[in-house]
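# A structural walkthrough
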Amino acid sequence: MDLFSHIQPDISTITQTALQKIGQFIPENEVEHYCNDLKSIINYYDKKYYVDADSPISDYDYDILFKQLKELEEAYPNLITADSPTQRVAKGLNETFQTVQHLVPMMSLENSYNIQDLREFERKVKESVATNEKIEYICEPKFDGSSIALVYENNQLVRAATRGNGIEGDDITPNAKAIKSIPLKANFSQFGIHKIEIRGEVVMQLAVLEQLNKERLEQNIILKNENKKELELFKNARNTAAGSLRLKDSAEVAARKLDAILYQIGYAEDKNGNNITFSEIFKSHDDNLKLLSDLGFKTPFLDKTLSEDIDQIMATCLDWQDKRDNYPIDIDGMVIKVNNTKLQQIIGKTSHHPKWATAFKFKPKQGFSTLENVEFQVGRTGQITPVAKITPVQLMGVEISSISLHNEDFIIDKDIRLYDTVIVERAGDVIPYIVGSLPEKRNGKETKIEFPKNCPSCAHLLYKNLEESAWRCINTNCPAQLEEHLIHFVSKEAMNIFGFGEENVRTFLKENLISNIASIYKIDYEKVAQLEGWKVKSIQNLKEGIEQSKQNENWRLLVGLGIRHIGTTTAKMLAKQVAHLLDYANWNTEQFMQLEDVGPKVALSLQAFFSDESNIELLKELEVLGLNLKRTEQVLHSEKLAGKTFLFTGTLTQFSRDEAKILVENNGGKNLSAVSANLNYLVAGEKAGSKLTKAQKIESIQIIDEFEFLKMIE
Ligand code: IVH
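Residues numbered from 1 in each chain as written. Predicted model: local features only at pLDDT ≥ 70, side-chain atom pairs only at ≥ 80, totals over all residues. Heavy atoms only, no water.

### With respect to the overall build of the protein chain
Quick reminder of the rule: Runs of E in the DSSP output that reach at least two residues are strands. Runs of H or I that reach at least four are helices, and both are numbered from the N terminus. The reference for a compact globule is 2.2 Å times residues^0.38; the radius of gyration itself is calculated from the C-alpha atoms. Here, residues are in contact when the closest pair of their heavy atoms is within 4.5 Å. For the area figures, the Shrake-Rupley method with a 1.4 Å probe applies, and any residue is considered shielded solely by the protein chains shown.
Looking only at helices and strands, the protein chain features 25 helices and 22 strands. Computed over its C-alpha atoms, the radius of gyration of the protein chain comes to 29 Å, within 12% of the 27 Å expected for a compact globule of 714 residues. Within the protein chain, counting contacts between residues at least 6 apart in sequence, those at least 24 apart form 69% of the total. If you sum the accessible surface of the protein chain, you get close to 36000 Å²; carbon and sulfur atoms cover 49% of it.

Printed below as a string of C-alpha cells:
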C-alpha cells in the first residue's frame, strides 16, 4: 500500500479550489461539501487573524469567500450550522493582552465590487432617507492595516485597543504610544468634549517595510557568519503592522516606525458624562476629518473626494485602483460614506455594518508573463503537481517565477499552453495564481502541455483514480516521496528531531547515510563527520536529538509514519486507545469507526496501513531500535477531581498552564479548551480575559482561583 501518503491538501490549495468555484454553478449534491470547505477555510483564517495576529489571505479573497458562504446559506438555510463563521459573535482573543470593551462596537463595512453594487448602495441610502434629492458622498482610501480605537480623556490618550471581535479588543496602549503619529494629547475640551473614542488604521508605510527588510538582510549577513539563526523578512505591510501592535516590547514597536491614520469618531461625551450627539456639533464626515487633522492626527482629509454623483465616485475609485502603486501605503479599496452626519444617523446600521458606508474593493493585482516551462513535482503523497516556470514578474513587491498549475484538469480547463502569455494574480499573501492565458497573444509557437505518463522521479507508471484530478505515483520506494516523507518524519509536527532539518535529510539521502525511516536510528556518525560542515558539537547535537526522539510519546510516531488522513489530533486520540501501537494490527474498519471522529475514509486508511505486513515489520524494527510504541500511562495520584472539568485562564502564579493540566489529569479530572456548559470549574488568574467574561454568563460554572484549585487536590 501507499505507506507514505497521508498528507491532507494544504489550506492554500483548498482556498484556491474554493475561490475557483466562485461565480460558477454549484450542483446541488456538492453544495454541502462546498459549504463545509468554506466554513473550515474562513474559520482557519479567522483563527490566524484573531488569535495569531497573522493574515495569510487578502481581504478581497476572504470577503468573497465569506460572501459566497453567506449566499449559499441563504439559499440553503438547512446548511447553517452553529460553527459557521457567519453565525459567530465573539472570537477568541490572544490572552496575553488585557481585553477591553469598546465604548461603542467597532463595525465592519459592506463590500462593493462594481458600479451595480454602488448603485444598489445609493438606492438603499435614498430609500432610507426617503428622498430623491442628491446626497453628497465622501470617498477616501481604505487603508490595509490593523484597526485601532483610541480613547482620549481630558485631552490625554488614555487607552488604545485593537478591533478584536468588534465588541472587545486587546488593550495595546503602550504600543500605541510608541507610534509617533498618534498624538498623546489633543485639545478636545475646546469643543466641550471630555471623553472621545476615535477609530483608524495602524499601517506601515511601504518605504518603511522596505527599509526594515534591508536592515534585516544586512543583519543576516552577520548572523550567518556567526552561525546564528537568521531573521525572517517581513512579508507585507499589513501583517507586519498587525504583528507589531502585539509585540511585548514597546521599544521594538517604536523601531517598527508604524503610522496611524484616523478616520472616524466613534463616541464622545461631555464633562457630565452625557453622550454628545456628534451630528449636532460637526455636520459632516469631512468636518470630522478636518477637526482630527487640525488636532494633529493623520487623516485621509487631503485624499478625500466629495461628490453627489455615484458615477463620479465610481470613476474616482477606478482612478485610485489604477494609481494605488504610487501611494505610499497599501490600500485595498476605497470607502464611500454619506458625508452628512445627520443623514448617517437617519440611515442607521445593521448589526454588522453602517448602512451609510460601503467599501469599494480593488481587484487583486495582476501581472503578465510568459510560460517558459512546466515542471512536474512529486509530492510526499505521490501526487504529481505541474508547476509553471514563468519569466519572473514583480507583483506587490515580490518576484514571482514559479506557480502551481494544480493538476491536469486545471491546465485543460484554462487551455494553458507552453509559451502562452499568462495572467498572474497575487492577492495579499495568498500564493500566486494563474488566472488564465491570453489566446489573442499567441503566435503559433505555443504547444500543448504534455502530462507525463511516468513518474518524473522513479519512472513508475502514473496512476489516476477516477474520482480524482491528480495523477499519482504509487511506488512506495519512489525516491521523491521518500525524501518528503523523511522530512515529514523528523519535522516538528512529527518526531521533532532536534538538529535534523530538511537540508540534513536531503544531504544524508544523497550521501546514502539514510534510506528509510529505520535507517535514521542506524546512522553511521563516522561517515557524518566526513561531511562538510559537521563538527563534533553538531554531531553530538544530532545524536542527542535522535536518541531523545526514541522517548517521544507514541502519537508522534503515528504522525511521522505518514498514514493518509492522520494528523496530530487523530494520532493523539489513537495513541490513547491501545496499550501498544501494534495492537492495531488486527483491527478492522468497523473497530476503527467506533472511535471518536473516525469516519470511513480515516478508518479505511488506518486499516490499510495496519494490515500491511511491511508496515508492521517497520514498527517492530523501530521498537527493536528503541522507539517507544507504548501508551504513556497516566500517574493517577487521586480521584479527587473525577468527573469534573477544568479550564485555566489568566496569569497563573503557582504553576504553569501545562503543569496545571497535568495536575487535573493526575487527579482524575478532565481539561477543556473552551468555555461551555460542560465546564465545571474556571480557574482564573490575574488579567483573565474573555474566557472569564463568558464563564460568568454561565451559571453552572464555578469560578475559582489557583489556591482554591490547590485546596481541591490537597
Ligand atoms: S470606516 C463603521 N474608513 O476597513 C465602519 N474603515 O472592512 C467604519 N478601514 O474595520 C469604518 N480604511 O478597519 C473606514 N477609510 C476607512 C478605512 C476603514 C480602512 C478598515 C476598518 C474597518 C475595515 C472594514
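### A closer look at the site of the ligand
Heads up, the rule is: Nearness is defined per residue: one heavy atom within 4 Å of the molecule or strand is enough. Counted as a polar contact is a pair of N or O atoms within 3.5 Å, where, for protein atoms, one must be capable of donating a hydrogen and the other of accepting one, and residues adjacent in sequence contribute only when both atoms are in side chains. Amino acids outside the nonpolar list (Ala, Val, Leu, Ile, Met, Phe, Trp, Tyr, Cys, Pro) and the charged list (Asp, Glu, Lys, Arg) are all regarded as polar, and Gly is one of them.
Close to the ligand lie 14 residues; E140, F143, S147, E201 and Y263 are nearest. S147 places a polar side-chain atom, nitrogen or oxygen, 2.9 Å from an oxygen atom of the ligand. Here K337 contributes a side-chain N or O atom positioned 3.0 Å from a nitrogen atom of the ligand. For the ligand, the protein covers 90% of the area, taking 530 Å² as the surface of the free molecule. Contributing elements (two or more residues each) for the shell around the ligand: β3 (137-143), β8 (259-269) and β10 (331-338). Sort the elements by how many residues they give to the shell around the ligand and β3 lands first, with 4 residues. Of the residues assigned to the shell around the ligand, the class counts are 7 nonpolar, 3 polar and 4 charged.

### Digging into the confidence of the model for the protein chain
Our working definition: On a range of 0 to 100, pLDDT expresses the predictor's confidence in each residue.
Looking at the protein chain as a whole, the pLDDT averages 88, with 93% of positions reaching at least 70. Taken element by element, the protein chain is modelled with least confidence in helix α9 (residues 278-281), mean pLDDT 72, and with most confidence in β3, mean pLDDT 98. In this model residues 1-8 is a low-confidence stretch, pLDDT under 50, and it forms 37 contacts with partners more than four residues away in sequence or in other chains. In this model residues 88-95 is a low-confidence stretch, pLDDT under 50, and it forms 25 contacts with partners more than four residues away in sequence or in other chains.

### Here's the deal with the nonpolar core
For the record, the criterion: Side-chain atoms within 4.5 Å are what join buried Ala, Val, Leu, Ile, Met, Phe, Trp, Tyr and Cys residues into a set we call a nonpolar core. Exposure classes here rest on a 1.4 Å probe applied to the protein chains alone. A residue is buried below 20% of its type maximum, exposed above 50%, and partly exposed in between.
F500, F508, I520, L557 and F610 are the most contacted members of the largest nonpolar core, which totals 56 residues. Counting residues per element, the ones that place at least two in this core are α14 (479-490), α15 (502-510), α16 (525-529), α17 (536-549), α18 (554-560), α19 (568-577), α21 (600-610) and α22 (613-624). Other than its neighbours up to four places away in sequence, F610 contacts L558, I563, L581, Y584, A585, F592, I616 and L619.

### Structural notes on the sheet that holds strand β21 (residues 681-684)
Cut-off, in case you're wondering: The rule for pairing is simple: two strands pair if DSSP sees at least two bridges between them. Note on definitions: angles span 0 to 180 degrees between N-to-C directions of axes, and those axes are lines fitted to C-alpha atoms, for helices only across the stretch in contact.
Pairing is parallel across the open sheet formed by 4 strands, whose spatial order is β20-β19-β21-β22. Lying at the two open borders of the sheet, with one neighbouring strand each, are β20 (670-671) and β22 (702-704). Two elements, strand β19 (residues 645-649) and β21, share 4 bridges in a ladder whose sense is parallel. Across the sheet, the residue bridging to F646 is Y681, located in β21. Against the sheet, helix α23 (residues 657-666) contacts β19 and β20, and its axis sits at roughly 170° relative to β19.

### Side note on the environment of P456
In this structure, P456 sits in the loop between β16 (433-437) and β17 (463-464). For the pair P456 and E230, spaced 226 residues apart in sequence, the C-alpha separation works out to 34 Å. Every residue in contact with P456, bar those within four places of it in the chain, is listed here: F376, V378 and I384.

### Section: the sheet that holds strand β13 (residues 384-395)
With antiparallel pairing, the 5 strands of this open sheet are ordered in space as β14-β13-β12-β15-β16. Across the chains shown, the open sheet's two edge strands, defined by having one partner strand only, are β14 (398-404) and β16. Averaged over all adjacent pairs, the angle separating strand axes in this sheet is 40°, with direction ignored. As defined by bridge partners, β13 adjoins β14 across 6 bridges and the pair is classed as antiparallel. Counted as the bridge partner of K389 is S402 from β14.

### Overview of the pairing of strand β7 (residues 195-203)
Burial within β7 is extensive, with 9 of its 9 residues counted as buried. One ladder, built from 8 bridges, connects strand β4 (residues 146-153) with β7; its direction is antiparallel. Pairing of V151 across the sheet is with E197, part of β7. Sheet topology note: the β7/β8 ladder contains 9 bridges and is antiparallel. Residue pairing in the sheet places K195 in a bridge with E269 of β8.

### Describing the pattern of salt bridges
Selection rule: The salt bridge definition used is simple: a Lys or Arg side-chain nitrogen within 4 Å of an Asp or Glu carboxyl oxygen.
Applying the stated criterion across every chain, the model contains 26 salt bridges. D170 serves as the salt-bridge partner of R246, at 3.3 Å between the closest nitrogen and oxygen. Within this pair, whereas R246 is found in the loop between α7 (237-245) and α8 (250-255), its partner D170 is found in strand β6 (residues 168-170), the two being separated by 76 residues in sequence. You'll find R246 and D170 in the same group, each marked buried. Each of D63, K142, D332 and K361 takes part in salt bridges that share partners, so that together they form one network.

### Remarks on unusual backbone geometry
Positive phi is not limited to glycine here, since Y419 has a value of about 75°. Tracing the backbone shows Y419 in the loop between α13 (408-413) and β15 (421-426). The phi dihedral of A459 falls on the positive side, at around 70°, and the residue is not glycine. Tracing the sequence through the fold places A459 in the loop between β16 and β17.

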